[in-house]
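Examination of the molecular architecture
Residue strings, one per chain:
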Amino acid sequence: MIELKTPAELDAVEAAGKIVADVLSAVREHAAPGVTPRQLDALAADLIAGTGARPSFLGYHPSFAPTPYPAVICASVNDAVVHGIPGRGRLRDGDLLSVDLAVHLDGWCADAAFSTVVGQADPLDVALIETTERALAAGIAAAVSGARMGDVAHAIGVVGRAGGYGLLAGHGGHGVGRAMHEAPHVPNEGRAGRGFTLRPGLVIAIEPMLLAGGADDYSPDPDGWTLRTADGSRAAHAEHTIAITDDGPRLLTAGRPVN
């Protein structure tokens, strides 16, 4: 069932979203060569602990996973697209790092992600990240009242495919609010004018995941969580939680500019 949120409930999601944005900003600032993803996870945990919120990923156990998720953030490096478990290996100069975070505050959830290059950046990685952010911005711009979900999917897919990138097969965004994953599914590619009609009060997380090699295929790690590009190419991920309103899309995880 798709739930439309009231204005007060949108404010509550936005309060959670501000925490997400602030923590992700701190994680981005501390991501550097020599730092481990495990250290970034500990930083996020410490920052969340002082807010009254709880990390939504920690202990999350969907049906596809063999074990509950063991960390606060997802930290995916280089060919890992999403759901990377923060490890003890030190980040190296030039690594492409994607970080995803969701928190619950007073019963309401918000979710966001970013990608960055640690240290000296390869121009190809910069282009991949910038295109992923443009795809996110295009999806958000299309998310207006009366539009169709296919309009959002089409806007994302056009940007990604124009850059020559793959789109992670079978994955996309989702509704969010009381739970981290709610209906509806938000595809990253589709036909304009098709699908569910967007109405005021709908809250969704839009999250393009682009694969540098151009293919959509992936393979899971033995941990049951980490998804890697099948061809070993690098990947980038960007995400915001937004609300559909009569005045246009409302960004609920503000803190990072949408280009």
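Presented here is an overview of the structure given in this document. (Residues numbered from 1 in each chain as written. Predicted model: local features only at pLDDT ≥ 70, side-chain atom pairs only at ≥ 80, totals over all residues. Heavy atoms only, no water.)

This next bit is on the pairing of strand 5 (residues 108-117). Among the 10 residues in strand 5, 10 count as buried, and that is most of the element. Side chains Trp 108, Ala 110, Ala 112, Phe 114 and Thr 116 project from strand 5 onto one buried face, and the interleaved Cys 109, Asp 111, Ala 113, Ser 115 and Val 117 project onto a second face that is buried too. For strand 4 (residues 96-105) and strand 5, the ladder comprises 10 bridges, and the chain directions are antiparallel. What sits directly across from Leu 96, in strand 5, is Val 117. Linkage of strand 4 to strand 5, two consecutive antiparallel strands, is achieved through a turn of 2 residues, within which Asp 106 is found at a positive phi near 50°. (Buried < 20%, exposed > 50% of the residue type's maximum accessible area, 1.4 Å probe, protein only. Helix = DSSP H or I, 4+ residues; strand = E, 2+ residues; numbered from the N terminus. Pairing = 2+ DSSP bridges.)

Turning our eyes to something else, we now look at unusual backbone geometry. The omega angle of the peptide bond from Ala 183 to Pro 184 is 5°, so this bond is cis rather than trans. Backbone geometry places Asn 78, a non-glycine residue, at a positive phi of 60°. Position of Asn 78 relative to the elements: it lies in the loop between strand 2 (74-77) and strand 3 (80-82). On the accessibility criterion, Asn 78 (13% relative accessible area) is buried. The phi dihedral of Asp 106 falls on the positive side, at around 50°, and the residue is not glycine. With respect to the helices and strands, Asp 106 occurs in the loop between strand 4 and strand 5. Accessibility expressed as a relative area gives 70% for Asp 106, which makes it exposed.

Looking now at empty space enclosed by the protein. To locate leftover empty space, one rolls a probe as large as a water molecule over the atoms. One pass over the full model with this rule turns up 1 cavity of 30 Å³ or more. In this model, the largest cavity occupies a volume close to 30 Å³. Taken together, Cys 74, Ser 76, Val 82, His 83, Ser 98, Val 99, Asp 100 and His 237 form the lining of the largest cavity. Elements represented by at least two residues in the lining of the largest cavity include exactly strand 2 and strand 4. Of the residues assigned to the lining of the largest cavity, the class counts are 3 nonpolar, 4 polar and 1 charged. (1 Å grid on protein atoms, 1.4 Å probe; cavity = no way out; pocket = protein on both sides within 12 Å on 5 of 7 lines; lining within 4 Å. Points joined across faces, edges and corners; volume = space filled by probe spheres on them. Nonpolar A, V, L, I, M, F, W, Y, C, P; charged D, E, K, R; others polar.)

Pairing is antiparallel in the open sheet, where 3 strands are placed in the order 3-12-11. Whereas interior strands pair on both sides, the edge strands pair on one side only; in this sheet they are strand 3 and strand 11 (218-220). Put simply, the sheet's adjacent strands are angled 40° from each other on average, direction ignored. (Axes fitted to C-alpha atoms, helices over the stretch in contact; angles between N-to-C directions.)

Okay, the packing of aromatic side chains next. Enumeration according to the criterion identifies 3 aromatic pairs in this entry. When the centroid spacing of 6.3 Å and the interplanar angle of 80° are considered together, the rings of Phe 57 and Tyr 69 count as edge-to-face. Linking Phe 57 in the loop between strand 1 (54-55) and strand 2 with Tyr 69 in the loop between strand 1 and strand 2, this pair joins segments that are 12 residues apart in sequence. Phe 57 gets classed as buried once you look at its relative accessible area, which sits at 6%. Among the residues examined, Tyr 69 registers a relative accessible area of 2% and is labelled buried. Consider the rings of Tyr 69 and Trp 225, whose centres lie 5.0 Å apart with planes at 75°: the pair is edge-to-face. Of this pair, Tyr 69 sits in the loop between strand 1 and strand 2 while Trp 225 sits in the loop between strand 11 and strand 12 (227-229), and the two are 156 residues apart along the sequence. A relative accessible area of 4% places Trp 225 in the buried class. An aromatic cluster is defined as three or more aromatic residues linked by ring pairs; in this entry it consists of Phe 57, Phe 64, Tyr 69 and Trp 225. (Phe/Tyr/Trp six-rings, centres within 6.5 Å; stacked < 30°, edge-to-face > 60°.)

When two helices pack together, their arrangement is given by the angle between their axes and by how far apart the axes lie. Across the interface, helix 3 (residues 123-142) lies against helix 4 (residues 149-162) with an axial gap of 8 Å and an inter-helix angle of 160°. Classed by the angle they form, the pair helix 3 and helix 4 counts as roughly antiparallel. Pair helix 3 / helix 4 crosses with right-handed handedness. Only Asp 151, Val 152, Ala 155, Ile 156 and Val 159 of helix 4 make contact with helix 3, whose side of the interface consists of Thr 131, Arg 134, Ala 135, Ala 138, Gly 139 and Ala 142. Taken together, the residues of the contact of helix 3 with helix 4 sort by class into 7 nonpolar, 2 polar and 2 charged. (Parallel < 35°, antiparallel > 145°, perpendicular 65-115°, else oblique. Left-handed = near helix turned anticlockwise from the far one by under 90°. Contact = heavy atoms within 4.5 Å.)

With that settled, consider the side chain of Asn 78. A polar contact is formed between the side chain of Asn 78 and the side chain of Arg 234, at a distance of 3.3 Å. If we skip the residues at most four places from it in the chain, Asn 78 touches Arg 92, Gly 94, Asp 95, Leu 96, Ser 233, Arg 234 and Ala 235. (Polar contact = N/O pair within 3.5 Å; in protein donor to acceptor, adjacent residues only side chain to side chain.)

Shape descriptors only; they carry no functional weight alone.
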